[in-house]
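A look at the structure
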Amino acid sequence: MSELSVEKKVSGKIEKLTGVKGMNDVLPPQSAGVEWLEAKVRALMSRFAYRNIRTPIVERTPLFIRGLGEVTDIVEKEMYSFRDSLNDDPLTLRPECTAGVVRAAIEHSMLYDGGKRLYYIGPMFRHERPQRGRYRQFDQIGAEALGFSGPEVDAELILLAVALWKELGLNDVRLELNTLGQPEERLLHRKALITYFEAHAELLDEDAKRRLYTNPLRILDTKNPAMREMVEAAPRTLDYLGEASLAHFNALKSILEANGVAFTVNPRLVRGMDYYNLSVFEFTTDRLGSQGTVCAGGRYDYLFEQLGGKPAPAVGWALGVDRVLELLKEQNLVADPVSLDAYAIVPEAQALPVALRTLQTLRELGVSIQMHTSTAEGMGSIKSQFKRADSSGARFALIFGAEELTNNQLAVKSLRDGDGQQITQSLADIAAWAVTLQSKN
Ligand code: ATP
Ligand code: MG
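About the cut-offs
Residues numbered from 1 in each chain as written. Chains lettered and ligands numbered in written order. Predicted model: local features only at pLDDT ≥ 70, side-chain atom pairs only at ≥ 80, totals over all residues. Heavy atoms only, no water. Patch = residues over 30% accessible without salt bridge, like charges linked within 9 Å, V, L, I, M, F, W, Y side chains within 5 Å. Areas by Shrake-Rupley, 256 points an atom, 1.4 Å probe, with all protein chains shown as cover. Salt bridge = Lys/Arg side-chain N within 4 Å of Asp/Glu carboxyl O. Helix = DSSP H or I, 4+ residues; strand = E, 2+ residues; numbered from the N terminus. Domains from an automatic or database assignment. Near = heavy atom within 4 Å. Polar contact = N/O pair within 3.5 Å; in protein donor to acceptor, adjacent residues only side chain to side chain. Nonpolar A, V, L, I, M, F, W, Y, C, P; charged D, E, K, R; others polar. Expected span 1.5 Å × (residues − 1). Buried < 20%, exposed > 50% of the residue type's maximum accessible area, 1.4 Å probe, protein only. Arc of directions from axis to C-beta. Contact = heavy atoms within 4.5 Å. Phe/Tyr/Trp six-rings, centres within 6.5 Å; stacked < 30°, edge-to-face > 60°. Lys NZ or Arg CZ within 6 Å of the ring centre and 35° of its normal. Pairing = 2+ DSSP bridges.

1. A few points about a nonpolar patch on the surface
- On the surface, Ile57, Val58 and Phe82 cluster together into a nonpolar patch covering about 220 Å² of accessible area.
- Looking at where phenylalanine 82 falls in the secondary structure, it is placed in strand β3 (residues 80-83).

2. What about the domain arrangement of the protein?
- Domain annotation of the protein identifies domain 1 (30-182 + 242-330) and domain 2 (342-437).
- The gap between the C-alpha centroids of domain 1 and domain 2 is 48 Å.

3. Some points on the site of ligand 1
- Of all residues adjacent to ligand 1, which total 16 residues, the nearest are Arg126, Glu128, Tyr135, Arg271 and Thr293.
- One of the side-chain N or O atoms of glutamate 128 is found 2.6 Å from a nitrogen atom in ligand 1.
- At 3.4 Å from an oxygen atom of ligand 1 is found a main-chain nitrogen or oxygen belonging to glycine 320.
- Secondary structure elements with two or more residues in the shell around ligand 1: β6 (137-146), β10 (293-299) and β11 (314-320).
- By residue number, the principal contributor to the shell around ligand 1 is β10, which donates four residues.
- In terms of residue class, the shell around ligand 1 is made up of seven nonpolar, four polar and five charged.

4. So, helix α13 (residues 352-364)
- In a regular helix each residue adds 1.5 Å, so 13 residues correspond to 18 Å; α13 covers 18 Å between its end C-alpha atoms and thus fits that length.
- Burial in α13 covers these residues: Ala355, Thr358, Leu359 and Leu362. The arc that holds the buried residues of α13, viewed along the axis, is 100 degrees, so those residues lie on one side. For α13, exposure combined with an orientation more than 90 degrees from the buried face picks out Pro353, Arg357 and Glu364.
- Along its buried surface, α13 packs onto β12 (342-345), β13 (369-371), β14 (396-399), β15 (409-414) and α16 (430-437).
- Looking one or two residues beyond α13, the residue adopting positive phi is glycine 366, at roughly 100 degrees.

5. Quick notes on unusual backbone geometry
- Between proline 28 and the following residue, proline 29, the backbone shows a cis peptide bond with an omega angle of 5 degrees.
- For proline 29, the position within the fold is in the loop between α1 (3-10) and α2 (30-47).
- Here asparagine 332, not a glycine, exhibits a phi torsion of approximately 50 degrees, which is positive.
- Inspection of the secondary structure puts asparagine 332 in the loop between α12 (321-330) and β12.

6. Some thoughts on the packing of aromatic side chains
- Throughout the structure, instances matching the rule amount to five aromatic pairs.
- Taking 5.6 Å as the distance between ring centres and 55 degrees as the angle between the ring planes, the aromatic pair formed by tyrosine 275 and tyrosine 300 counts as tilted. You can see tyrosine 275 sitting in the loop between β8 (264-265) and β9 (277-284) and its partner tyrosine 300 sitting in the loop between β10 and α11 (303-306), a full 25 residues away along the chain.
- In textbook terms, an aromatic cluster arises when at least three aromatic residues are bridged by ring pairs, as seen for Trp165, Phe281 and Phe283.
- The ring of phenylalanine 148 has arginine 117 sitting right over it, with the charged end atom 4.7 Å from the ring centre.

7. Examining the pairing of β3
- Across four bridges, β3 lies against strand β4 (residues 90-93) in antiparallel orientation. Bridge assignment links arginine 83 to a residue of β4, and that residue is proline 90.
- In sequence, β3 turns back onto β4 through a hairpin of six residues, with aspartate 88 there showing a positive phi of about 70 degrees.

What follows is the structure, given as structure tokens:
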């Protein structure tokens, strides 16, 4: 403690520190929900042969400017950027992970022997206005298939997300699909859009006017109700697609249909980042108010080149962990945290060394145990220790009484069964009875 803080402590004036707005603490028992979701995701990813990639939270700023595009919400106003205080490098807390994954794939020549299926889980940072389902630090889970051009991989990724909803028990997540075509088709569509929007200039809001010549596609996903009708009638990408792009879209649709995956084609679905081409998609729900998109993605066949790598096709999605957890909570679908097997009652402090040694062995054998701890007043009465044991939710109490310990034994009492049966076990053959303490799940 510095002298200043000692002084403040004596005068009772140490200021309370708080976290950063929009960046939340996840406390138990809510944290168990996050762990539960992550465990489900990891198991599912491995069944789909996707392997974990972990890229740094900080990247060089130009990665995002070049990767996501200059005229995007993220690059224009949402990035946490700063200068490295040692060498003045422009750095940014990652607002998303696709650019970092592609950078890593290029840097480590990951595609030298063929495509790679990857997934990540981790925090992203965006300077947005915090509200329900929208935070400044938030977790995303993402899946990226790098080096594959076929529509079956777009389908695989969508089926991966569908499998996840099923695994989690979520059944009112809807899929919306669109295709953006290839760059030359986008160019034709872009021209048609500019002409159309110019003809309706009086209806454009400030945002739309600013984007008219830089990123007219983004005007399509305006949330402004006054522009809704005009935007609904705007030229659609679908009408500018060549044969190959149409075939890609149709192949994707027929795989989804063959799998019974319901979807709607939404011609105004364009996505926030510039890097997308061909398929784009979003999974949405009505249950989360205006933050209803839980998972979104698409194909980004030109991002490798854009970041200085050898051209390689790719497709992926990212899911908002907070929104999915909110949905699970709303539908009471989050599993209970793992329950305790045992609570250790230690009547006298002299028994602590033997007690801790025994607990260590039991834990090695797979038993989960919470130990009773002393306060300034000592270990507390047996009665108060039993109260704690009951409220801990443990199924058994282990009692390290002086008398039992002299015989190298302890008492095991059932806290759940009506009769509260108590038996004596020998410390010598601990492995034989440790299994009886463990819950079956
Ligand atoms: P939105 O239109 O809601 O701003 P986005 O297009 O910016 O979404 P993406 O960059 O595609 O979102 O991110 C994928 C997912 O990550 C979103 O669908 C959402 O579930 C989640 N997400 C995005 N931004 C946030 C945020 N600030 N807080 C919590 N989750 C977020
Ligand atoms: Mg956004």
